[in-house]
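A look at the structure
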Amino acid sequence: MDAPLKPRYDAVVIGARCAGASTAMLLARRGMDVLLVDRDRRGADTLSTLALMRAGVLQLHRWGVLDRVRAEGAAPIRSTSFVYGDEVIEVPIKLRDGVDTLYAPRRTSLDALLADAAADAGADVRYGPRLVDLVHASDGRVTGAVIEDRDRAVHRVAADVVIGADGLKSTVAKTVGAAAYREGRHAAAAAYAFWSGLENRGNRWYYRPGVSVGAIPTNHGNTCVFVAIPPARFRDELQGDMDAGYHRALRECSAALADEVSQGVCAERVRGFPGHLGHMRQSHGPGWALVGDAGYFKDPITAHGISDALRDAEYLARAVEQGTERAMAAYQSTRDELSAALFESSDAIAGFEWNLDGVQALHKDLSRAMNHEVEALVSLDPQTEPTLDTSSTPHHKGDAS
Ligand SMILES: Cc1cc2nc3c(=O)[nH]c(=O)nc-3n(C[C@H](O)[C@H](O)[C@H](O)COP(=O)(O)OP(=O)(O)OC[C@H]3O[C@@H](n4cnc5c(N)ncnc54)[C@H](O)[C@@H]3O)c2cc1C
């Protein structure tokens, strides 16, 4: 049986995946008394094609979590290939800022490892209970959370700040009325499956007008192979027969990859995502904050949501530690500044209104935004840096050219 919840914490974080678990870990490492709650179970899966960008790997490396990710079998990714029609551009992952290898860990592993790191730092981590409401003071300030446990008993927990890391349909965002001030225009649909037996040839992204495909090596020799298409095609073709529609779109975009897949073994069923428009929401107010998809969601076609969540956990934890309205406003404006180009490029790629030259140009914008993001993270004050992962010093210096 779980120990009873304490009546008061410095911070309550709702949602224990990449955004919430990282934020809770960073706050606990700063000495705060943190409650981290997720209604799901530890190690539960979620929809995701798993790819981490350099900024995300950098965060895991600096937090000391990357070794655990590797130990759980995430495959090393040492190059990225962009295939525009029949033109292949292969980019090695160069050594920069302590990162020379990317990873795409299964969420069953990554999210649980981050929550474990939060627990190691002293956070009280609970799976099963769910947030049902917030507690407000008479001036409207959020002063706590109402949490229903697995036995349906309801607890009121006081906190200086309640952080909603509770995803796209965030209860925290809804309850505080966090308004969206930027919305996407396009939403791509996707379907993906995990295949064993494919060679690890790094991340591979393929583009043809109206369809995009990716192959992403993940844990234990499996490769995530996804197709992204306009939502109307998903409705018309895939919703009735996910398998057939998935294989048809895959072959249309890359016959070579479709042939590889036909030699592999499907480890899990094909999963579909009908698409969802992006948003940026007001992400702080008196006694509350949002992080991850709860506050900012962009189309997953550019595979950046996890990396952004890890980045924003860092900025939010620093702001919460400072504890001022000004610091919280700076958290949101930094997030928006670092995300604007990522948001726009992702939205444009998700619209499928490009030709092959157009999508290459969008990738150049994306690459500039990603470099800017990494530079911003690297420039953060090292004095306040949490534990460094000294044992994961780069080991593939040959890539560094
Ligand atoms: C099809 C698809 C593919 C994607 N591929 C990639 C990719 O390749 N790379 C990438 O970086 N990103 C990808 N993303 C985006 C990425 O998955 C999200 O950005 C990321 O999961 C956001 O993490 P989060 O922690 O903010 O929220 P979530 O992962 O949504 O987690 C929210 C958590 O909050 C919990 N919760 C919700 N409400 C409550 C409540 N009331 N009480 C208690 N707990 C609650 C939920 O149980 C959940 O565990 C993809 C997304 C989709 C849909």
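Residues numbered from 1 in each chain as written. Predicted model: local features only at pLDDT ≥ 70, side-chain atom pairs only at ≥ 80, totals over all residues. Heavy atoms only, no water.

A word on the overall build of the protein. Within the protein, the regular secondary structure consists of 11 helices and 19 strands. Taking 2.2 N^0.38 as the reference for a compact globule, 401 residues should give roughly 21 Å; the C-alpha atoms of the protein span a radius of gyration of 21 Å, in line with that estimate. Looking at the 401 residues of the protein, the share that counts as buried comes to 56%. Excluding contacts between residues fewer than 6 apart, the proportion of contacts in the protein whose partners are at least 24 apart in sequence is 74%. For the protein, the computed accessible surface area is about 16200 Å², with 51% contributed by carbon and sulfur atoms. (Helix = DSSP H or I, 4+ residues; strand = E, 2+ residues; numbered from the N terminus. Rg over C-alpha atoms; globule rule 2.2 N^0.38 Å. Buried < 20%, exposed > 50% of the residue type's maximum accessible area, 1.4 Å probe, protein only. Contact = heavy atoms within 4.5 Å. Areas by Shrake-Rupley, 256 points an atom, 1.4 Å probe, with all protein chains shown as cover.)

Relative to each other, helix α2 (residues 54–63) and helix α11 (residues 356–378) sit at 20°, their axes nearing to 9 Å. When the axis of α2 is compared with that of α11, the two are roughly parallel. Considering only the axes of α2 and α11, their crossing is right-handed. Of α11, the residues touching α2 (which contributes R54, A55, L58, Q59 and R62) are E373, V374, L377 and V378. When its residues are assigned to classes, the contact of α2 with α11 shows five nonpolar, one polar and three charged. (Axes fitted to C-alpha atoms, helices over the stretch in contact; angles between N-to-C directions. Parallel < 35°, antiparallel > 145°, perpendicular 65-115°, else oblique. Left-handed = near helix turned anticlockwise from the far one by under 90°. Nonpolar A, V, L, I, M, F, W, Y, C, P; charged D, E, K, R; others polar.)

With that settled, the discussion passes to the confidence of the model for the protein. Do not read the predicted coordinates in detail wherever pLDDT is low. Of the residues in the protein, 95% have a pLDDT of 70 or more, and the chain-wide mean is 94. Note on residues 383–401: pLDDT is under 50 here. Beyond four places in sequence and across chains, it has 44 contacts. (pLDDT = per-residue confidence, 0-100.)

With that settled, the discussion passes to the site of the ligand. Around the ligand there are 30 residues in total, and D38, T49, A51, D293 and I306 lie nearest to it. Here D38 contributes a side-chain N or O atom positioned 2.6 Å from an oxygen atom of the ligand. Notes on the ligand: free accessible area 1000 Å², of which the protein chains cover 93%. Of all the secondary-structure elements, those providing two or more residues to the shell around the ligand are α1 (18–29), β6 (130–136) and α9 (305–322). For the shell around the ligand, the leading source of residues is α9, giving three residues. Residues of the shell around the ligand, tallied by class, amount to 13 nonpolar, nine polar and eight charged. (Near = heavy atom within 4 Å. Polar contact = N/O pair within 3.5 Å; in protein donor to acceptor, adjacent residues only side chain to side chain.)

Taken in spatial order, the three strands make up an open sheet running β9-β16-β19, and their pairing is antiparallel. Of all strands in the sheet, those with a lone pairing partner are β9 (180–183) and β19 (296–297), marking the two edges. Packing against the sheet, helix α10 (residues 325–350) makes contact with β9, β16 (279–281) and β19, and its axis sits at approximately 170° to β16. (Pairing = 2+ DSSP bridges.)

The next thing to look at is the side chain of H363. You can see H363 is positioned in helix α11. Residue classification places H363 among the buried residues on the basis of a relative accessible area of 9%. Apart from the residues within four sequence positions on either side, H363 is in contact with F82, Y84, Y207 and I349.

Moving on to the nonpolar core. Counting 87 residues, the largest nonpolar core has L60, W63, V65, L114 and I163 as its most contacted members. If you tally residues by element for this core, the top one is α9, at nine residues. Contacts of L114, omitting those with residues within four sequence positions, involve C18, A21, S22, M25, L60, W63, V65 and L310. Counting 23 residues, the second-largest nonpolar core is a separate cluster that includes V83, V225, F234 and Y246. (Core = buried A, V, L, I, M, F, W, Y, C linked by side-chain atoms within 4.5 Å.)

Below, the discussion takes up the packing of aromatic side chains. Taken as a whole and assessed by the stated rule, the structure comprises seven aromatic pairs. Ring centres 6.0 Å apart and planes at 75° place the aromatic pair Y207 and W354 in the edge-to-face group. You can see Y207 sitting in strand β11 (residues 203–208) and its partner W354 sitting in the loop between α10 and α11, a full 147 residues away along the chain. With relative accessibility at 4%, the residue Y207 sits in the buried group. An angle of 35° between the planes, with centres 6.5 Å apart, marks the rings of Y296 and F343 as tilted. (Phe/Tyr/Trp six-rings, centres within 6.5 Å; stacked < 30°, edge-to-face > 60°.)

With that settled, the discussion passes to the environment of V37. By the secondary structure assignment, V37 is in strand β2 (residues 34–38). Separated by 30 residues in the primary sequence, V37 and D67 have C-alpha atoms spaced 25 Å apart. Discounting residues that sit within four places of it in the chain, V37 has contacts with V13, I14, G15, A16, R126, P129, R130 and I147.

As enumerated under the stated definition, the model contains zero disulfides in all. Here C224 stays free of any disulfide, with the sulfur of C266 as its closest cysteine sulfur at 11 Å. (Disulfide = S-S within 2.5 Å.)

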